[in-house]
Amino acid sequence: MAPAQTVAKPSSRLEAVAIARSHPLVRTQPTPDFFEGILLGNGDLGVCVTVRPDALGLHLGKNDAWDIRVSEEHAAQIKTFREVLELWRRAGEEARRQGHPEMTFLESKIDFFREYSELMQSSYRKPWPRPWPCGTIWLHWDSRMVRVARQELDIASGMLALHLEHDDLRGKVQPFEVSCFVSREANHVSVSSDFPAPVISCVYEPHWEREALLPEPRIQALAGEFLGFQEFPAVAPTAAQPHPRKSKEDRSVAIHGILAGHWQAETDSAGRRVLLRPQAPPRPLRLDVTVLTSRDAADPAAQAGREAARFTATPIAELRRESSRHWAKFWSASAVELGDKELERMWYQNQYFLACCLKEGKIAPGLFGNWSSGKIGTAWHGDYHMNYNTQQVWWGVFSSNHVEQHEPYTRLVEALMPMAEWNARVQFGLPGAYFPHSAYPVPSNVNPYPAPPWGYEICETPWTVQSLWWQYKYTLDEEYLRRVYPVLRAAAEFLVAFASKGEDGKYHIIPTVSPENWGATVDFRLNRDCIIDLALTEFLLDAVDEGSRVLGIDAGEREKWREVRRNLAPYPAGEGPSGRVWLDVRDAPAEYVYNVPVTLAPVFPAEQVGLASKEELLELARRTAKTIRLEGGNDLVWQPLARARLDMLDLEWFKREVRYCLTPLGVANDRVRQIGGRYSDATNFDFMMRMGVWTENLSLPAVINECLLQSYDGVIRLFPNRTNLGAAAFRDLRAAGAFLVSARFDGKRVSRVSLKSEKGAPARMANPWKGAGARVVSQGTAARVEAVESGGVIEFATRAGESYEIGVAAAG
């Protein structure tokens, strides 16, 4: 069915707040389960609100509330790369001796190689580090007397309204509303009601696990107040030192709640919860909660108390207005309006979720962001996986014009540099930086997972630093480039040193490991020239070349970079049932079921092949995209984004894929799609669906952005992917070259095109009116601007801060 064609009048300005408000998250019955709840957040503090028939629950999490202990016993046993290669060689010989020269995953199947691999995983198998839930607050009522009628979250303001009815069981029914929000600019949670609320108790339960071996949480109940405090030691226990002494790196989190009115406080005998009961007739509810860590304040407990008291003294209406004002500022950055309201809802709700877990100056979210409860959000330590999971979160922030959201990632990469330089220097004996597979937001510089094969996915190094270059390209901020250029250069230095020139005159990346495919194989049979290694190396060498020229440095290095770049091995390819396609590594089978769209890496993320490529290459890319087999669970954003880059994304198909992965939370999680790769009929296809909120999939707006605007190669393309898009309009999407672009599309024709130049770079735009000339006019002066068209691309000079309108030139 074609999407509905309803967009605003061409003359009206797109207002994101109004459009976002039209896409609330609604529940019409109790939602007791975490994965049915409603997510709130401010980019640091996260809350999952659940509603039982008898209570409202607030599950608190925070991006920097972590059990920060790292066990480092494996560090002294880490072998150099040369020593690992010797193990690999011997394992290959043993496989041949056993009569299995085609064996894959030698590191798991050959005893002595497996022993080393398991040793390198031993620290990672500890329960720490991990995100630590900040506890749960329960507001109880009598379920005989209170009915949950409706829950509605206004994503434009972050305000949750809970509509209830109170039946006094004597014939009187009184509707009332409980509202809840997280302050946009403070780690404060507000809960209040508009009418006397029949709350019979308030309970705070800190998270506690005996097996975690953490200090006991400290809780205290006062008249109308409750306090919680959890210490996070930096030093992990060992057999020799089960109770390590305190360290200056220790951290903590504090919670302070204040209830308006008179409440009697109790603490249970086990010290596992505090309970407060109202001591007067029902009155309007008001609860103010602050959550602070030692990153927020030197004494988080004292500061949390002061902050809670300050908020309690401020009228609720004022707090709401202030938080809503900051949300409006967030939404003002850009807007889209789509005739297809399902796609429009997807864009706005996921922008909301991203804003709940991403914020400048805060810690970058891990795999599951700042929403946690119990063990939810702790799979794989909730850490940073640098083979797509972590990077994917930020794939749409530049095009959505939220550059500020990338700041936590920049700091994350900078924080990993000491470890990456150590890996290159000590493990590999090479210059530069080699980034780890896994990382944590904790004070440790030991590679936590140097295990074969994961520790030898060469692509992770250029991939880790890629978005640092994107930020420069989309902003032309030379100060930022000067800051991150040393990181880019260090990664490039490692890649150039690692690549080896073969007898064919080409530079090869051998050995390597395709992401989660094949493992170590005999004689590197399936460990040669991984397509994503090659493509991302091309990307990075181009970036440091251009970056060095912009900054006027490293002129003597450029020829070395260019020599490797010009002569990198070709992408591996082979014959499939439908013709020639790309493979992940040399000699791989064409019909393998992959976990990620690795064979589409030249299209995305590496951006080496796209709509401007030669037709033969473009056809090869499209054939690969059309026939690739993917197991599901790791491709919900990547695969459709690559298809959009090739103008072959059917948005009806895309919506079906997203629906398949949707949770009642409103977020799309990772869900298996087919067997044949790592999974079988015995696999629970939903095994990842309840691990937590997969932050990687909150980048779904990136796919929609790529259908509206592409610019990665320096040419702005308007509405480049239109299959089942329908009518569409956007305001201030960001393009490479530091441009903010707006345009409309009625399903047939592009109109109302405008461009604001932030830095005065030349603008290049594919002519959206094929066969007609284009006219460029300065909005400031109304003067026509000279524009030259060549090969279907319009080019014109711009001035910093000036805006331009681009339209069809008058005939004659």
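So, here is what we can say about the structure in this document. (Residues numbered from 1 in each chain as written. Predicted model: local features only at pLDDT ≥ 70, side-chain atom pairs only at ≥ 80, totals over all residues. Heavy atoms only, no water.)

Here we come to the nonpolar core. Phe654 and Leu718 are the most contacted members of the largest nonpolar core, which has 246 residues in total. With 13 residues, the top contributor of residues to this core is helix H11 (residues 478-498). Here Leu718 is in contact with Leu708, Leu709, Phe730, Val741, Ala743, Val750, Val753, Met765 and Pro768, once residues within four sequence places are set aside. Counting residues in each nonpolar core, the second largest holds eight residues, with Phe368, Ala379, Met691 and Trp694 among its members. (Core = buried A, V, L, I, M, F, W, Y, C linked by side-chain atoms within 4.5 Å. Buried < 20%, exposed > 50% of the residue type's maximum accessible area, 1.4 Å probe, protein only. Helix = DSSP H or I, 4+ residues; strand = E, 2+ residues; numbered from the N terminus. Contact = heavy atoms within 4.5 Å.)

When you line up the elements, Thr31 lands in the loop between strand E1 (25-27) and strand E2 (38-41). In this structure the side chain of Thr31 is engaged in a polar contact, spanning 3.2 Å, whose partner is the side chain of Gln151. Those residues in contact with Thr31 that sit more than four places away from it in its chain are Glu36, Thr50, Val51 and Gln151. (Polar contact = N/O pair within 3.5 Å; in protein donor to acceptor, adjacent residues only side chain to side chain.)

Here we come to the sheet that holds strand E33 (residues 763-766). An order of E33-E37-E36 is seen for the three strands of this open sheet, with the pairing classed as antiparallel. Sheet topology places E33 and strand E36 (787-790) at the edges, where each strand pairs with a single neighbour. Neighbour to neighbour, the strand axes of the sheet diverge by 25° on average, direction disregarded. Bridge analysis of E33 against strand E37 (residues 793-796) gives four bridges, and the strand direction is antiparallel. From the neighbouring strand, Met765 faces E37, where its bridge partner is Ile794. (Pairing = 2+ DSSP bridges. Axes fitted to C-alpha atoms, helices over the stretch in contact; angles between N-to-C directions.)

Let us now look at the packing of aromatic side chains. With the rule as written, the count across this model stands at 39 aromatic pairs. Relative to Phe428, the ring of Phe81 lies with its centre 4.7 Å away and its plane at 35°, an arrangement referred to as tilted. Highlighted residues: Phe81 in helix H2 (residues 81-97) and Phe428 in helix H9 (residues 407-428), separated in sequence by 347 residues. Phe81 sits in the buried class, given a relative accessible area of 9%. Here the aromatic rings of Phe330 and Trp331 are separated by 5.1 Å at their centres, their planes lie at 70°, and the arrangement is edge-to-face. An identical accessibility class is assigned to Phe330 and Trp331; each is buried. Among the aromatic side chains, those forming a connected cluster through ring pairs are Trp327, Phe330, Trp331, Trp347, Tyr348, Tyr352 and Phe353. Across the ring face of Trp327, the terminal group of Arg184 is positioned such that the distance to the ring centre comes to 4.4 Å. A cation sits over an aromatic face here: Arg310 above Phe311, 4.4 Å from the ring centre. (Phe/Tyr/Trp six-rings, centres within 6.5 Å; stacked < 30°, edge-to-face > 60°. Lys NZ or Arg CZ within 6 Å of the ring centre and 35° of its normal.)

Inspection of the entire model under this criterion finds 62 salt bridges. Ionic pairing is found between Arg411 and Glu407, a salt bridge with its closest N-O pair at 2.5 Å. Within this pair, Arg411 and its partner Glu407 are both found in helix H9, separated by four residues, close to a single helical turn. Using a relative accessible area of 23% as the deciding quantity, one classes Arg411 as partly exposed. Each member of the salt-bridge network shares a partner with another, and the members are Asp44, Lys62, Asp64, Asp296 and Lys362. (Salt bridge = Lys/Arg side-chain N within 4 Å of Asp/Glu carboxyl O.)

Another point: the pairing of E2. Residues Ile38 and Leu40 of E2 are buried on one face, and the alternating residues Leu39 and Gly41, pointing to the opposite face, are buried as well. Across four bridges, E2 lies against strand E3 (residues 45-52) in antiparallel orientation. Following the sheet pairing, Ile38 is matched in E3 by Val49.

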